[in-house]
Amino acid sequence: MKRICALFFALVLAGTLTACGDTGVTPTIRIGVALYQQDDTFISTVMQAFQQQAMAMEQERGVKINLNLADGRSSQTIQNEQVDRFLDQDYDVICVNIVDRTAAAVLIDKAQSAGVPVIFFNREPVMEDLSRWEQAYYIGSPGARAGELQGELVLRSWQSDPSALDRSGDGVLQYVMLEGEAGHQDTLLRTEYSVKTLTGAGIATEKLANETADWQRGQAGTRMKQWLEEFGDAIEVVFANNDDMALGAIDACLNSGMAPEDLPFIVGVDATPPALEAVAEGTLKGTVQNDAKGQAKNMLALSCALAEGTDPSRAVELTDGKYVWLPYVSVTKENLSAFQQ
Ligand code: GAL
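In short, a report on the structure. The model shown is predicted, which means the values in this text are computed figures rather than measured ones.

Moving on, we come to the site of the ligand. The local shell around the ligand consists of Tyr36, Asp40, Phe42, Asn122, Arg123, His184, Asp186, Arg190, Trp215, Asn242, Asp270 and Asn290. Here asparagine 122 contributes a side-chain N or O atom positioned 2.6 Å from an oxygen atom of the ligand. Contact between the ligand and aspartate 270: an oxygen atom at 2.6 Å from a side-chain N or O atom of the residue. Notes on the ligand: free accessible area 310 Å², of which the protein chains cover 99%. In a pocket analysis with a 2 Å cut-off to the grid points, the ligand is assigned to the second largest pocket. Across the shell around the ligand, the residue classes break down as 3 nonpolar, 4 polar and 5 charged. Residue contributions to the shell around the ligand reach at least three from each of two domains, namely domain 1 (28–141 + 291–327) and domain 2 (143–289).

What follows is about the layout of surface pockets. Considering only enclosed or pocket space, the largest pocket measures out at about 470 Å³ in volume. Forming the boundary of the largest pocket are 19 residues, of which Thr45, Ala271, Pro273, Lys293 and Gln341 lie nearest the centre. Of the residues forming the lining of the largest pocket, the biggest block, 5 residues, is contributed by helix 2 (residues 41–61). Counting only domains with at least three residues in the lining of the largest pocket, you end up with domain 1 (28–141 + 291–327) and domain 2 (143–289). By volume, the second largest pocket is sized at about 270 Å³. Along the walls of the second largest pocket sit 22 residues, with Tyr36, Asp40, Asp214, Trp215 and Asn242 positioned nearest its centre. Of all the elements in the fold, those that place two or more residues in the lining of the second largest pocket are helix 2 and helix 8 (185–200).

All right, on to empty space enclosed by the protein then. Following the criterion strictly, the structure yields 1 cavity of 30 Å³ or more and no others. Taken as a whole, the largest cavity holds about 40 Å³ of empty space. The wall of the largest cavity is formed by Phe42, Asn122, Tyr138, Gly140, Ser141, Gln185, Asp186, Arg190, Asn290, Gln295 and Tyr328. If you list the elements that add at least two residues to the lining of the largest cavity, you get strand 5 (136–140) and helix 8. Each of domain 1 (28–141 + 291–327) and domain 2 (143–289) accounts for three or more of the residues forming the lining of the largest cavity.

This part is about the packing of helix 3 (residues 76–88) against helix 4 (residues 104–114). Packing of helix 3 against helix 4 brings their axes to within 11 Å, and their N-to-C directions diverge by 10 degrees. Considering the angle they form, helix 3 stands roughly parallel to helix 4. Here Gln76, Asn80, Val83, Asp84 and Leu87 of helix 3 lie close against helix 4, whose contacting residues are Leu107, Lys110, Ala111 and Ala114. The class makeup of the residues in the contact of helix 3 with helix 4 is 5 nonpolar, 2 polar and 2 charged.

Scoring rules and cut-offs
Residues numbered from 1 in each chain as written. Predicted model: local features only at pLDDT ≥ 70, side-chain atom pairs only at ≥ 80, totals over all residues. Heavy atoms only, no water. Near = heavy atom within 4 Å. Polar contact = N/O pair within 3.5 Å; in protein donor to acceptor, adjacent residues only side chain to side chain. Areas by Shrake-Rupley, 256 points an atom, 1.4 Å probe, with all protein chains shown as cover. 1 Å grid on protein atoms, 1.4 Å probe; cavity = no way out; pocket = protein on both sides within 12 Å on 5 of 7 lines; lining within 4 Å. Sits in = over half its atoms within 2 Å of the grid points. Nonpolar A, V, L, I, M, F, W, Y, C, P; charged D, E, K, R; others polar. Domains from an automatic or database assignment. Points joined across faces, edges and corners; volume = space filled by probe spheres on them. Helix = DSSP H or I, 4+ residues; strand = E, 2+ residues; numbered from the N terminus. Axes fitted to C-alpha atoms, helices over the stretch in contact; angles between N-to-C directions. Parallel < 35°, antiparallel > 145°, perpendicular 65-115°, else oblique. Contact = heavy atoms within 4.5 Å.

Geometry only, nothing functional implied.
Written out as C-alpha cells, the structure reads:
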C-alpha cells in the first residue's frame with residue numbers, strides 16, 4: 001500500500017496525473033464519426049490521421065478518447081440511423097461526412113434536440129442548413145482553390161513550353177474532365193475553376209468530353225478508355241477532380257499501349273500516396289494536396305473543445321464562427337519531397 005501511495009504522489013508531482021482531476025477517473029470523450037463511404041481513398045486517409053492523432057492526444061492530455069466510426073455506404077437513410085444511434089447513446093460530439101449534402105437540416109435539428117454538437121467535414125452542407133444552430137460546424141478545404149491550382153499547373157507548363165502541351169499545334173488546349181460525384185461541392189468548384197484559370201489567362205480551350213466517374217479509379221479508367229478510342233492523341237490535358245480518377249486515366253493510357261512519356265498532361269487533387277508515386281514517375285504531372293492531416297487535427301481539436309465545453313475559437317481558427325478552412329497546396333516533381341512521408 002505504501003509503495004502504491006508513493007508511486008501515486010510521484011506521478012502527481014511529475015504532473016502526469018493532473019488531467020485526471022480529483023476523482024482519479026480518466027475523463028472520456030466520446031466521438032461518433034459517420035462516414036459517407038469508408039473505402040473512399042481520401043476519407044480513409046483522413047480517418048487514419050484522426051485515429052493516430054487521437055491516440056497521441058490521449059497520451060499528451062491524460063484523457064481517453066472513444067472513437068466510433070460508422071460507414072454510411074453511400075445511403076443517407078443508413079447514415080441517419082447511425083447518427084440516431086450516436087445521439088441515443090449520448091456521444092459528446094458527432095462528426096458527419098454527410099452522404100447527401102442537401103440533407104443536413106434533419107441531422108442538425110436532431111443533434112440540436114439532443115444537445116450534441118455536430119461537425120460536418122469534407123462534404124459541405126448548404127449555408128442555410130448550417131446556420132440553423134450555432135453548435136453546427138464545417139471543416140474542409142475551398143474547392144475553387146483546388147481548381148485554380150490545377151489550372152495554374154497547366155498554365156505554367158503552357159507558358160514554359162507551349163508546343164509540348166499543344167500537341168496538335170492549333171493554339172487551343174483540348175481537354176477532358178473526369179468529374180467526382182454529381183452535386184458534390186468539390187466536383188462543381190474544381191471543374192469550374194480549373195478551366196476558368198486557363199481562359200482567364202487568355203488560353204483558348206476546347207472541352208472534348210466530361211463525365212462523372214464518382215471519385216473512382218476503375219470508373220475513370222473505363223471513361224478514359226472510351227475517350228482514347230474516340231479522340232486518341234487529340235486529348236492534350238486531363239483534368240481529374242481527384243487523384244483516384246487521375247490514376248484511372250493513367251491506367252487507361254498505359255493499357256492502351258501509350259509510352260509513359262507520351263501521356264497527356266494529367267492533373268489530380270488530394271496528394272494520396274499512390275498519386276505522389278505517380279508524380280515521382282512522371283505519369284501524373286501534378287496534384288493538389290487536400291490536407292487530410294490538417295482536417296483530422298482540426299476536427300479532433302474542435303471535437304475536444306466542444307465535448308469539454310471550452311471556447312471552440314481558442315481550439316481552431318473559425319471563420320464566421322462556423323467554418324474551419326484548410327488551404328490547398330499544389331504538388332509537382334519539384335516540391336514532391338515535402339509531401340512524401
Ligand atoms: C473530395 C476528395 C475526393 C473524395 C471526396 C469525398 O474532397 O478530393 O477524393 O474523397 O472528397 O467526399
